[in-house]
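# Residue-level structural notes
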Amino acid sequence: MALVMLVVGGVYGAARLVALAPRALTATSFTGGIAPLEHAVSRFHVRWYPVAMLFLAFDMEMIFMYPWTRVISIMGVSAVVEMFTFLAVLLAGVAYAWREGALRWT
Amino acid sequence: MDLIGGLLRLAATRPRVLVVPMPGATAVRVAVEGELRRRGWPTAAVPAEAGVLFVTGGEVPGFAELLDEAERGMIPPACCVRARRPGEAAEALDAARRHLANLDVQRSAARARADARRGGPQDRGAQPAGGSGAPGGQDRPHGEPHQGHGERGAHDPEQGGDQHQPAEDAGHHGHAQHGGTAHGHARPPAQRGGHDGHGMHGMGGMGMPAGLPMARRGEDRDGLRLDRLRLPLGPILADWPAGLLLRLTVQGDVVQRADVETVTGWDGEGGSWWTVPWWRARSGEPVTVGEAVRRRAAAQMDSLGRFLAVAGWADAATTARCLRDDLLAGTPQEVVRRRVGRFAHRVGRSWTLRWLTRGLGRLDADTAAGAGVTGPALRAGGDVTDRYRQWLAEVIEDVAGLDDGSPLDPTSAEGPRGRLDGRRPPSAALVEVLPGLLAGAELAGARLIVASLDPDVDELIPQPVGSAGG
């Protein structure tokens, strides 16, 4: 641990010694030579948000499936039918969103 | 034991070069690229990773501030050189290397720059006359760090975003835009301090990052109000047509709107270097078909090289540029035909490239003809995939006719980007068609679309293309 810190400190120190400029360059992002008008920290395009929400919905559904796999051998066919009904309800939602154009890429 | 100097000399043996082509200097750019490839020097994509800023061509007024901006973004050891003629490329690169290896010069330049930044802006030192091949610019004290640009934006009220009156918006935007590109660099420190105080008032404790306002919101395709970022795909960009400026409005990474501008103010002779044989034939000089076809094939290779570099296939891009240099150097037909055939086969066979570019920038033949597009873009009549395959097919065809010694018929003026005997130069139609193709494309797709059309800004001089905005 101490050796690692020594090595890292050594590299930093060497860089400091060799550097020509006394301090680091302060500059904004380079946009072709034109000064940037706005900060580029802005939201992602909307298409990623439906993908995230779909993932969440099906992730919660997966969580239900974990205990289901343990009891399915005891409960039999009815358990299978119930779980697939649940899945069908979720897929109906996805189909609706798809038809409405919410999942369109750009 | 001059360790630092030794390290500097070691680093200066192969510096990274950022080539900035000026409009009207295609021959110089080609020469410089060839020289860099022969020496094996790496190229930089942005000034921050560049050791040498190589400007090819003469002074263009519109570019002066852009080049200053690029210089300020370079980290010492750095150097700027300019070459006005193709023959000056090699000596300019040698001069750059000597300048970079000189510890005293680099140290004093770095110190001067740091002092200038710390001690407030001063007048820019005497402009070097930009003598050919002479390195310059590093010892000019540059005023005003970049923060200065943001101070104008500090006038913006805090980012509630949507409640501004439109007039105020337009005023601020105009203010900020004007300030961004046209204002001088020396500003008195008192003014800067005053702006600071003013800016902090309306923030409510939340400072603006880097002094820039956040992006305003605007409607998107579903009626949602999302952030719209104004992003220039600027004149100084790797593998980009010289002198072309695209002002994009981007939501996330999807281009909503594109406005095309060209950086002009250049008083050289108009006309593209790639179409010189046809102009010479038109003015009565005897030009053979072989010469013209060779120049056209080299132009297609140049466009292909740029396109492949944008697509990320650096190896094939280097091959394309190597073939371009071979064609321009007069390599005999048998040799170059074989190489071109192998290259075209390799690129045409690539499924990855096809999938990457499928469906982008669809320009069908009717729309193209309506806009006045001629040449390979019209004949391809499709998306980016069709266009680059059309280029490959045409290069193979052209290379078969390199030995043709018959005189060039001035009326058959088919240049690399289209017919040269129309009312407007072929690139004007390409530039006009760009905003429509770019709306709705992702950023990477936008760059691929521009690279697949590859408009040549030189052809547009002296006809300004101001009305080609989006």
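Above this note sits the structure.
Residues numbered from 1 in each chain as written. Chains lettered and ligands numbered in written order. Predicted model: local features only at pLDDT ≥ 70, side-chain atom pairs only at ≥ 80, totals over all residues. Heavy atoms only, no water.

## So, the overall build of chain B
Counting secondary structure elements, chain B contains 18 helices and 7 strands. Residue pairs in contact within chain B that sit at least 24 positions apart in sequence constitute 74% of those at least 6 positions apart. Counting only carbon and sulfur atoms, one obtains 53% of the accessible surface of chain B, whose full area is about 20000 Å². (Helix = DSSP H or I, 4+ residues; strand = E, 2+ residues; numbered from the N terminus. Contact = heavy atoms within 4.5 Å. Areas by Shrake-Rupley, 256 points an atom, 1.4 Å probe, with all protein chains shown as cover.)

## Some words on the overall build of chain A
Looking only at helices and strands, chain A has 3 helices and 0 strands in total. Going from N to C terminus, chain A has its helices and strands arranged as α-α-α. The C-alpha radius of gyration computed for chain A amounts to 27 Å, which surpasses the reference 13 Å derived for 106 residues by more than 25%, pointing to a less compact arrangement than a globule. Its C-alpha atoms give chain A principal-axis dimensions of roughly 75 × 45 × 15 Å. Within chain A, the fraction of its 106 residues that count as buried is 19%. The contacts in chain A between residues at least 6 apart in sequence include a share of 56% that link residues at least 24 apart. (Rg over C-alpha atoms; globule rule 2.2 N^0.38 Å. Buried < 20%, exposed > 50% of the residue type's maximum accessible area, 1.4 Å probe, protein only.)

## Re the environment of B:Ala92
All names here are of chain B. As for its placement among the helices and strands, Ala 92 is situated in helix 4 (residues 89-101). With a relative accessible area of 0%, Ala 92 lands in the buried category. For the pair Ala 92 and Arg 82, spaced 10 residues apart in sequence, the C-alpha separation works out to 7.1 Å.

## Some words on the pairing of strand 7 (residues 254-262) of chain B
Looking along a regular strand, one sees the side chains alternate between the two faces of the sheet. Residues and elements named next belong to chain B. Bridging between strand 6 (residues 244-251) and strand 7 involves 8 bridges; their strand directions are antiparallel. Looking at the pairing, Leu 245 lines up with Glu 261 of strand 7. Between the antiparallel neighbours strand 6 and strand 7 lie 2 residues, among them Gly 252 with a positive phi of about 70°. (Pairing = 2+ DSSP bridges.)

## Thoughts on the side chain of A:His45
With respect to the helices, strands and loops of the structure, A:His45 is situated in the loop between helix 1 (2-18) and helix 2 (48-75). Residue classification places A:His45 among the buried positions, given a relative accessible area of 4%. Here A:His45 is in contact with A:Trp105, A:Thr106, B:Arg221, B:Gln251, B:Gly252, B:Asp253 and B:Val254, once residues within four sequence places are set aside.

## Describing a nonpolar patch on the surface
Residues A:Phe44, A:Trp48, A:Tyr49, A:Val51 and A:Trp105 make up a contiguous nonpolar surface patch of roughly 530 Å² in combined accessible area. Relative to the elements of secondary structure, A:Phe44 occurs in the loop between helix 1 and helix 2. (Patch = residues over 30% accessible without salt bridge, like charges linked within 9 Å, V, L, I, M, F, W, Y side chains within 5 Å. Salt bridge = Lys/Arg side-chain N within 4 Å of Asp/Glu carboxyl O.)

## A short note on the packing of helix 16 (residues 384-399) of chain B against helix 18 (residues 443-453) of chain B
Residues and elements named next belong to chain B. Running from amino to carboxyl end, helix 16 crosses helix 18 at an angle of 30°, the nearest separation of the two axes being 9 Å. On the basis of the axis angle, helix 16 is roughly parallel to helix 18. Every pair of crossing elements has a handedness; the one defined by helix 16 and helix 18 is left-handed. Of helix 18, the residues touching helix 16 (which contributes Val 384, Arg 387 and Trp 391) are Leu 448, Ile 449, Ala 451, Ser 452 and Leu 453. Of the residues that constitute the contact of helix 16 with helix 18, the class distribution is 6 nonpolar, 1 polar and 1 charged. (Axes fitted to C-alpha atoms, helices over the stretch in contact; angles between N-to-C directions. Parallel < 35°, antiparallel > 145°, perpendicular 65-115°, else oblique. Left-handed = near helix turned anticlockwise from the far one by under 90°. Nonpolar A, V, L, I, M, F, W, Y, C, P; charged D, E, K, R; others polar.)

## Thoughts on the sheet that holds strand 1 (residues 17-21) of chain B
Through backbone hydrogen bonds, the strands of a sheet pair up, either in parallel or in antiparallel fashion. All names here are of chain B. Reading across from one edge, 1-2-3 is the order of the 3 strands in this open sheet, with parallel pairing throughout. Where the open sheet ends on each side, the last strands, each with one partner, are strand 1 and strand 3 (79-83). Sheet twist, expressed as the average angle between the axes of neighbouring strands with direction ignored, equals 20°. With 5 bridges connecting them, strand 2 (residues 52-56) and strand 3 associate as parallel partners.

## Quick look at the nonpolar core
All names here are of chain B. One finds Met 301, Phe 307, Phe 343 and Leu 438 to be the most contacted residues of the largest nonpolar core, which totals 69 residues. Per-element accounting of this core gives the leading share, 11 residues, to helix 10 (residues 289-311). Once residues within four sequence positions are removed from consideration, Leu 438 is found in contact with Leu 246, Leu 248, Val 255, Ala 258, Ala 446, Ile 449 and Val 450. Counting 19 residues, the second-largest nonpolar core is a separate cluster that includes Leu 18, Leu 66, Ala 70 and Met 74. (Core = buried A, V, L, I, M, F, W, Y, C linked by side-chain atoms within 4.5 Å.)

## Observations concerning helix 3 (residues 77-100) of chain A
Residues and elements named next belong to chain A. For helix 3, which comprises 24 residues, the first-to-last C-alpha distance of 35 Å matches the rise-based estimate of 34 Å (1.5 Å per residue) to within 8%. Buried residues of helix 3: Ala 79, Met 83, Leu 87 and Val 94, and no others. Tucked inside the fold, the buried residues of helix 3 contact helix 2. At the exit of helix 3 stands Gly 101, carrying a positive phi of roughly 90°. (Expected span 1.5 Å × (residues − 1).)

## Considerations on the packing of aromatic side chains
The description of two aromatic rings rests on the distance between their centres and on the angle between their planes. Residue and element names in this part refer to chain B. All told, the structure shown has 5 aromatic pairs over all chains when counted by the stated rule. Across the ring face of Trp 273, the terminal group of Arg 295 is positioned such that the distance to the ring centre comes to 4.2 Å. A cation over a ring is seen here: Arg 354 above Trp 351, with NZ or CZ 4.4 Å from the ring centre. (Phe/Tyr/Trp six-rings, centres within 6.5 Å; stacked < 30°, edge-to-face > 60°. Lys NZ or Arg CZ within 6 Å of the ring centre and 35° of its normal.)

## A few points about unusual backbone geometry
Glycine aside, negative phi is the norm for most residues, and most peptide bonds take the trans geometry. Residue and element names in this part refer to chain B. The peptide bond linking Pro 76 to Pro 77 adopts the cis configuration, its omega dihedral lying at 0°. Even without a glycine there, the phi angle at Asp 239 is positive, about 55°. One non-glycine residue, Asp 454, adopts positive backbone phi at about 45°.

## Quick look at the interface of chain B and chain A
Contacts between the two partners involve 59 residues from chain B, matched on the other side by 33 residues from chain A. If you look at where chain B meets chain A, you find 4 salt bridges. One salt bridge in this structure joins A:Arg47 and B:Asp253, with 3.0 Å as the shortest N-O distance. Scanning the region where chain B abuts chain A turns up 6 residue pairs in polar contact (both at pLDDT 80 or more). Contributions of two or more residues to the side of chain B that touches chain A are made by helix 1 (3-11), helix 3 (64-72), helix 5 (103-118), helix 7 (166-182), strand 4 (216-219), strand 5 (225-233) and strand 6 of chain B. (Polar contact = N/O pair within 3.5 Å; in protein donor to acceptor, adjacent residues only side chain to side chain.)

## Digging into the pattern of salt bridges
Residues and elements named next belong to chain B. For the structure on display, the rule yields 37 salt bridges over all chains. Here Asp 227 and Arg 217 are joined by a salt bridge, their closest N and O atoms 3.9 Å apart. Of this pair, Asp 227 sits in strand 5 while Arg 217 is found in strand 4, placing the two residues 10 residues apart along the sequence. For Asp 227, a relative accessible area of 8% translates into the label buried. Notably, a salt bridge pairs Asp 259 with Arg 257, separated by 3.1 Å at the nearest N-O pair. Through salt bridges that share partners, Arg 29, Glu 33, Arg 37, Asp 239, Asp 302, Arg 321, Arg 324 and Asp 325 make up one connected network.

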